[in-house]
Amino acid sequence: MRIDVLTLFPEMFESPLSHSILRRAQEKGLVEFFLTNIRDFAAQGNYRRVDDKPYGGGPGMVLMPEPVFNCFEHVQKQSDVKGRVVLLSPQGKKFDHEKAVELSREQRLTFIAGRYEGFDERIRVGLGAEQLSIGDYVLSGGELAAMVIIDAVVRLQEGVLGDEDSACDDSFSNGLLEYPHYTRPEIFRGMKVPEILLSGDHGKIAEWRKAQAIKRTRENRPDLLEDKNF
Ligand code: SAM
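Note that the coordinates shown come from a computational prediction; the quantities given were computed from them, not determined experimentally. (Residues numbered from 1 in each chain as written. Predicted model: local features only at pLDDT ≥ 70, side-chain atom pairs only at ≥ 80, totals over all residues. Heavy atoms only, no water.)

A. Examining the packing of aromatic side chains more closely. The final tally for this structure, using the stated rule, is 0 aromatic pairs. When the ring centre of Phe-34 is taken as origin, the NZ or CZ atom of Arg-2, which lies over that ring, is 3.8 Å away. (Phe/Tyr/Trp six-rings, centres within 6.5 Å; stacked < 30°, edge-to-face > 60°. Lys NZ or Arg CZ within 6 Å of the ring centre and 35° of its normal.)

The following block contains the structure:
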């Protein structure tokens, strides 16, 4: 998978991309990241300006179409695969596990991170990009949202997670939140590991975990159980 990010702050990605699972995915050759600074595609002079005041008045500045289009066209030429183009926006459809699975099947993803008051509307329309939001709140920029989506998508790529941290029981993968986990010691500050987990009876353990997953989903996210027969 090739992942391009168009951003005004490429250096924000350095740390998240160089640790843990995202780093290993690159080392294994399963994903490649390309960070491109939108400002490099702004007109020369005038401090390589990328934003301007909104027509019609109002607060803040708006990302101009020209540098974003120039940057996007340059980046798209780097590979024959067009892939999917995602504009990060609080106005987009809400990103979730299902969308992560869908995006993980693509060969190429291009993310465009906004700043200021957001994008000139012609960027969304002209680039045919889908808008994705990571939640009902407003961030200062699309970089953190892009990182969240990239992390969730890359860990679903085949071969990225080893068996030891496989995603198959993770929350949402089967429509439920995951069951509770315990590790050593057996008793910690008076709190005991449930007896069943020490029993060695794998059938009983699986039943217990399923019941716990349903219970926790009912308590914390009853919306996930609508239309389900648990
Ligand atoms: N004025 C815009 C609005 O109300 O819809 C918000 C602009 S926000 C300050 C600047 C940029 O941060 C956006 O263009 C977008 O790229 C990113 N952003 C903010 N909140 C986001 C969210 N919940 N999900 C994804 N991206 C977000």
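Read on, since the account is not over.
B. Representation of the site of the ligand. Looking at the ligand, there are 21 residues lining it, with Leu-88, Gln-91, Glu-117, Tyr-137 and Leu-139 nearest. One nitrogen or oxygen atom from the main chain of Gly-114 is found 2.9 Å from an oxygen atom belonging to the ligand. A distance of 2.9 Å separates a nitrogen atom of the ligand from a polar atom in the backbone of Leu-139. Where the shell around the ligand is concerned, the elements lending two or more residues are β5 (84-94) and β7 (130-133). Taken together, the residues of the shell around the ligand sort by class into 10 nonpolar, 9 polar and 2 charged. (Near = heavy atom within 4 Å. Polar contact = N/O pair within 3.5 Å; in protein donor to acceptor, adjacent residues only side chain to side chain. Helix = DSSP H or I, 4+ residues; strand = E, 2+ residues; numbered from the N terminus. Nonpolar A, V, L, I, M, F, W, Y, C, P; charged D, E, K, R; others polar.)

C. Local environment of the sheet that holds strand β6 (residues 108-112). With parallel pairing, the 5 strands of this open sheet are ordered in space as β2-β1-β6-β5-β7. If you trace the sheet from one side to the other, it starts and ends with β2 (32-37) and β7, each paired once. Neighbour to neighbour, the strand axes of the sheet diverge by 30° on average, direction disregarded. With 6 bridges joining them, strand β1 (residues 2-7) and β2 adopt parallel strand pairing. Residue Asp-4 lies in a different strand from β2, and its bridge partner there is Phe-34. (Pairing = 2+ DSSP bridges. Axes fitted to C-alpha atoms, helices over the stretch in contact; angles between N-to-C directions.)

D. Layout of the side chain of Thr-110. If you trace the backbone, Thr-110 turns up in strand β6. Here Thr-110 falls in the buried class, since its relative accessible area comes to 0%. Only 3.4 Å separates the side chain of Thr-110 from the side chain of Gln-76, close enough to count as a polar contact. With residues near it in sequence (within four places) discarded, Thr-110 still touches Asp-4, Leu-6, Phe-72, Gln-76, Arg-84, Val-85 and Val-86. (Buried < 20%, exposed > 50% of the residue type's maximum accessible area, 1.4 Å probe, protein only. Contact = heavy atoms within 4.5 Å.)

E. Seen up close, the nonpolar core. Counting 28 residues, the largest nonpolar core has Ile-3, Phe-33, Phe-111, Ile-149, Ile-150, Val-153 and Val-154 as its most contacted members. Of all the secondary structure elements, the ones that give two or more residues to this core are β1, α2 (20-27), β5, α4 (97-104), β6 and α6 (143-154). Residue contacts for Ile-3: discarding those within four places in its chain leaves Val-31, Glu-32, Phe-33, Phe-34, Leu-109, Phe-111, Ile-150 and Val-154. By size, the runner-up hydrophobic cluster in this structure holds 18 residues, among which are Leu-6, Val-50, Phe-72 and Ala-129. (Core = buried A, V, L, I, M, F, W, Y, C linked by side-chain atoms within 4.5 Å.)

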